[in-house]
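# Chains, contacts and geometry: an overview
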Amino acid sequence: MKLVICEKPSVAASIAAALGIETKKDGYMEGADFLVSWCIGHLAELSEPSCYGKCYEKWSLEALPILPETWQLTVSKDKEKQFSVLKTLLFRKDVTEVINACDAGREGELIFRFVMEKAGCKKPVKRLWISSMEESAIRKGFENLKDGADYDSLYQSALCRAKADWLVGINATRLFSLLYNRTLNVGRVQSPTLKMLVERSEAITNFKKEQYYHVCLVLDGTEAISDRFSSKEEAEKIAAVCKGKTAICTSVTHEKKEALPPKLFDLTALQKEANRIFGYTAKQTLDLAQSLYEKKLLTYPRTDSSYLTDDMEETAETVIRVLLSKLPFMKGASFIPKVTSVLNSKKVSDHHAVIPTTELEKTDLFMLPESERNILFLVGTRLLIATASSHVYETVTAIFNCTELTFTAKGKTVLSSGWKETEQLFLMSLKEKPDSKVQEEKELPVFRKGQHFENFPVNVTEHDTFPPKPYTESTLLSSMEHAGNKETTKDAERKGLGTPATRAAIIEKIIKAGFVTRKGKQLIPTKDGMNLISVLPETLTSPLLTAEWENE
């Protein structure tokens, strides 16, 4: 008999179904060859300081630093029942092998190993490593089980990360709370994240608005614009000089450009886009994607890869065919996918990019909750966009001379819409249209070098410099993803602050601790958050610590 241990009950149900197991028992399911049971997230975790001695029960400066010689694990009270079910199953005489079916990533590995260690079980282990909950993917995974020992290094890196976070979190939180007589939660990842928010807030507060001016010549209905002037008088003086004079076109430059399709979604990119388009928080997006994964409609969401493996060409083509028939806004649209552009096994680490599954075909998508459907359509659209042709356009820059001054007019002509056409169809189908990021350049009239213009209107326009924008979850996720990356070696397993799977939880944590508030889409540090950052040393608020540790 083989015991399969999953991370959650819902995953266990899918795996049991794929293995044809129907008999339900208390805390597990039983078949002829397999037992399937589950953890409830982290069943066993690193123990609290009080477990290492009475002297650590009360917070005191004398007891610091707390550095366990031998680390202990604890099962929290509300999870003891399920742990005892697993322990009993692990030591059943007929169980000869254990299969680790926890999520295929660093955290899933840790969850499983902690259970084995706490139970004291030494039976042989195999690893199920899959990216989709479709029955065919589960069965294929069981045909290709790996040796558990192949993932020892992944477990060691997860263990290092857990211990490092414990050491920083416990010691720094107690130290600074005692120094300042109030609870100050300090964390290896949350403190640098909070610092980014505080620095942005300070830049906005200290920003001084400046006005500047342009002189505009209106030529054939198009504005040719001067460089910036800081004083209105100077701009008006130039405008007066240009009135009634001749403007000459001194050059016209045409440049053909190609905007490649965006890549497929990894989790962070999906969270950023869902925040921008739907206003979902990073945690909401992760929860929705996880739910769709458990409903077998999406592949594994906690990924940091934006490519598919080379052997997935046929799968991708099938999914695209299904999408074209299922996405209402693609009805009647002509679409020829170029699937090879999203295939690259070398750029896939633990898991490939997030894409829908072929299960879509059998599903009435309008029976899904609207929020889940939004995420599913967003991911489906990204697969179509990523396999579409490039967006090709031509930029035109015309330079004019008037009284020895230079004026510039810029325009753009679309030669082939490519992937932007599909993106536009998707955005137009939404109830609420997201804010457009850029103002599109218009087409220019045909200008020729040497062309003269007389009696044209001349205007002075007034503009303000803008402060930096407050962070939204989308822009904060971007900054977290790239923080400290210059200092991270190319071989480091993870880059940036946190991982795709943990960034959402970090943002929620600093909000829950009262250091940050949500104001619409914006994330604003509170007075408490600002005070905390002002007292913490650079080591704890810089992403360099994380970069160094990930390198190690």
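Residues numbered from 1 in each chain as written. Predicted model: local features only at pLDDT ≥ 70, side-chain atom pairs only at ≥ 80, totals over all residues. Heavy atoms only, no water.

## Re helix α9 (residues 282–294)
Rules: By definition, any uninterrupted DSSP run of H or I lasting at least four residues is a helix, any uninterrupted run of E lasting at least two residues is a strand, and each is numbered from the N terminus. Given a helix with a known number of residues, its expected span is that number minus one, times 1.5 Å. When a residue's accessible area, from a 1.4 Å probe over protein chains only, is under 20% of the maximum for its type it is buried; when over 50% it is exposed; and in between it is partly exposed. In this analysis, two residues are considered to be in contact whenever any of their non-hydrogen atoms come within 4.5 Å of each other.
For α9, built from 13 residues, the straight-helix expectation of 18 Å at 1.5 Å per residue is met to within 8% by its first-to-last C-alpha distance of 18 Å. Restricting attention to buried positions, one finds in α9 the residues Ala282, Thr285, Leu286, Leu288, Ala289, Gln290, Ser291, Leu292 and Tyr293. Those residues of α9 that are buried lie in contact with α8 (267–278), α11 (370–386), α13 (473–482) and α14 (503–512).

## Re the packing of aromatic side chains
Applied cut-off: Side-chain rings of Phe, Tyr and Trp, where Trp is taken by its six-membered ring, are said to pair if the distance between their centres is within 6.5 Å; with planes under 30 degrees apart they count as stacked, over 60 as edge-to-face, and otherwise as tilted. Whether a charge sits over a ring depends on NZ of Lys or CZ of Arg being within 6 Å of the ring centre and within 35 degrees of the ring normal.
For the structure on display, the rule yields 12 aromatic pairs. Here Phe400 and Phe453 contribute two aromatic rings whose centre-to-centre distance is 5.8 Å and whose plane-to-plane angle is 75°, an arrangement assigned as edge-to-face. With Phe400 in strand β13 (residues 391–402) and Phe453 in strand β15 (residues 452–453), this residue pair connects regions lying 53 residues apart in the sequence. For the pair formed by Phe400 and Phe453, the shared burial category is buried. Three or more aromatic residues joined by ring pairs make a cluster, and in this case those are Phe329, Phe366, Phe377 and Phe426. Over the face of the ring belonging to Tyr151 we find Arg127, whose NZ or CZ atom lies 5.8 Å from the ring centre.

## Considerations on the environment of Asn344
In this structure, Asn344 sits in the loop between α10 (313–326) and α11. Other than its neighbours up to four places away in sequence, Asn344 contacts Tyr307, Leu308 and Asp310.

## Some words on unusual backbone geometry
Omega for the bond connecting Leu64 with Pro65 falls within 30 degrees of zero, at -5°, which places this linkage in the cis form. With respect to the helices and strands, the residue Pro65 is situated in the loop between β5 (44–46) and β6 (73–75). With phi around 55°, Asp220 is a residue other than glycine that occupies positive phi space. For Asp220, the position within the fold is in the loop between β10 (211–219) and β11 (222–225). A positive phi is found at Glu404, a non-glycine position, where the angle reads about 70°.

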